[in-house]
Amino acid sequence: MDTGDSRARTIGPSPAGSPVVGRVIGTEPATPLEFWVGVGDGAYLQLDDVVVVDRLLPDGQRLSISGVVSQVRARHEGVRMDSDVFLVADGVLPAEVSEAAQVLATRFEPEVFVPPLPGEEVRKAVGAERDAALLFSQMPARLPAGLSRDDEPFYLDLEFVDGSRGAHVNISGVSGVATKTSYATFLLYSLFHSGVLGAEAANTKALVFNVKGEDLLFLDHANTRLGDDQPARYARLGLPVGPFGSVACFAPPVRDDPNASPDVAARQREVTSFFWTIEHFCRDELLPFLFADTEDDRQQYTMVVHNVTARLRHAELVGDGGVNVDGQVVRSFDDLVELIELKVDPDGPEQWAGRAIGAGTVNAFLRRLHAARPHLRHLVRGDVPHPERHRVDFDRAQVTVVDLHNLNDRAKRFVVGVVLQRAFERKERSGQARPLQFVVLDELNKYAPREGSSPIKEILLDVAERGRSLGMILIGAQQTASEVERRIVANSAVRVVGRLDAAEAARGEYGFLPPVQRQRATIVKPGTMLVAQPELPVPLVVQFPFPAWATRAAEASREREVVAVTGTHDGVDVDEAHAMAVAAAVADPFAGFPPG
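Below is a short write-up of the structure. (Residues numbered from 1 in each chain as written. Predicted model: local features only at pLDDT ≥ 70, side-chain atom pairs only at ≥ 80, totals over all residues. Heavy atoms only, no water.)

**Observations regarding the nonpolar core**
Formed by 75 residues in total, the largest nonpolar core has its most connected members in Phe209, Phe281, Phe365, Phe414, Val415 and Leu460. Sorting elements by how many residues they give to this core places helix H10 (residues 409-430) first, with nine residues. Ranked by size, the runner-up nonpolar core spans 71 residues in total, among them Val50, Phe136, Ala206 and Phe218. (Core = buried A, V, L, I, M, F, W, Y, C linked by side-chain atoms within 4.5 Å. Buried < 20%, exposed > 50% of the residue type's maximum accessible area, 1.4 Å probe, protein only. Helix = DSSP H or I, 4+ residues; strand = E, 2+ residues; numbered from the N terminus.)

**Examining the pairing of strand E19 (residues 437-441)**
Burial within E19 is extensive, with five of its five residues counted as buried. Neither face of E19 is exposed, since Gln437, Val439 and Leu441 on one face and Phe438 and Val440 on the opposite face are all buried. Where strand E10 (residues 205-210) and E19 come together, four bridges link them in parallel fashion. If you follow Ala206 over to E19, its bridge partner there is Phe438. Examined bridge by bridge, E19 and strand E20 (residues 472-478) share five bridges and lie parallel to one another. (Pairing = 2+ DSSP bridges.)

**Here's the deal with the sheet that holds strand E6 (residues 121-124)**
Strand order in the closed barrel formed by six strands is E1-E2-E5-E4-E3-E6, and the pairing between neighbours is antiparallel. Here the strands of the sheet are splayed against their neighbours by 40 degrees on average, with no regard to which way each runs. Sheet analysis places strand E1 (residues 20-24) next to E6, joined by three bridges and oriented antiparallel. From the neighbouring strand, Arg23 faces E6, where its bridge partner is Glu121. (Axes fitted to C-alpha atoms, helices over the stretch in contact; angles between N-to-C directions.)

**So, the sheet that holds strand E15 (residues 322-325)**
By way of backbone hydrogen bonds, the strands of a sheet pair with one another, either parallel or antiparallel. With antiparallel pairing, three strands are arranged side by side in an open sheet as E14-E15-E16. Of all strands in the sheet, those bounded by a partner on one side alone are strand E14 (316-319) and strand E16 (328-330). Within this sheet the neighbouring strands show an average axis-to-axis angle of 35 degrees, counted without direction. Taken together, the three bridges between E14 and E15 define a ladder with antiparallel strand orientation. When the bridges of E15 are listed, Glu316 appears paired with Asn324. Sheet strands in contact with helix H8 (residues 333-343) are E15 and E16, and its direction is about 140 degrees off that of E16. (Contact = heavy atoms within 4.5 Å.)

Everything listed here is a matter of coordinates, which is why it stays silent on function.
The structure is reproduced here in structure tokens:
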């Protein structure tokens, strides 16, 4: 079979050091934003490859156009019918196999927006050319965010994460498959251990809400299931291998336990129980967070909620977290509910519910309040000595994990709302953006749904819209971005997508993904994410190393051993000093037990 002159497709080395893989074809229109490349013999291009093509302008200036492969196709040239493939295979019909790749442009240097000319050589970008093509070389501070499919580092521009030019990260994906929480914790690990924050890293804090299982209670334990190939992947990113060095865990107390022991099963040591005293509940106006469901906002009893909240603010303090209201000492949530029920009686003398409030509205308020009693009585109390020891302390460690998995939805909303409000108010009072405060929150669609309003949603909107200037950065995640408040998603400078449901992938919220990547989002494997950042016009497929910290109890080393990788790997220096510092900070395995 005559296949023509194959020498016309022979390729060779590039003067720039990157291998030539083909030429711009002339059978498809080339535009400044998109063009097609014919792949040469002995070469191939795959999705996500980075390529560069040069063009000599009429004034003698050389233009370099960089891009990312978004689609690849192969076909027979010289045939007309589908069945001709059998004739070609038998050598009866002459035909040539042609491979071509679609390229979406990412960078023009200099910025002259003209298309590449057909016939120009196209080379696969490697090394410094790849960094320039993906704008990594222009980033003042690069945050390691994963690896490409050929294990090359991928970076985020820190200025679009820390609030300098943008802030917030939003992660979408199917529950249990998209590894949203794993990627969020990987970004935190990279922020704290890559050196990108410099001296600020020591004072930077992270608040992590653990909403599913006890997986995030072991961030300070080394992962015993870390594969032998993973240290090299961390080394390529310039990261040490080990757990988080400074973690404080907080969990709700066991129900009906007078000692308020933390309600956790897998981790028995170094977990602090948290609750709020009756005093704090009244003084800090926490009652509205019991009515934080968006359905509550549609009801008329919200006026009753605010009126009762204003009355409780004037309660007298009696010590150990209790209050005195009109001569009645209140030390339990049940007593507080009964007191409120007495005071809001429309026919009573107190009129706490407010004027012109009907009995039906008051009864609706009371029904919701009584429904919260079994779920909140262990979280709001005044019967434990030294209650100050049971507060969520943001300053105890670099990473603060607040466990919610044993709480029902109403109690979860209460805890998330109150803790977020306190963290946000702390940043407002400081008046400074530094040190940064990161917040990791999954299930955003539950706490900030698209429809309706609630106290938690208002706080999250404040964080999304004003957090950049305050130094409070939200790393939010959800299964469906289409069900989350638009302004929260829109204010996220970095968008990350894992495995998506096909119907969800078709939603307008994922319009930043090219059509091919929308299709890929429905089949990507766990550990693979599509990451979009502002300066790079094309989202890139990124993989991240297997967590070096335990993600569940079965992976946690008993003695919290730190696996430290030091030295140099492929020219990347691993932070030996940091690895030694973390190893020195490993806790005594017997810490937490009483002396003697």
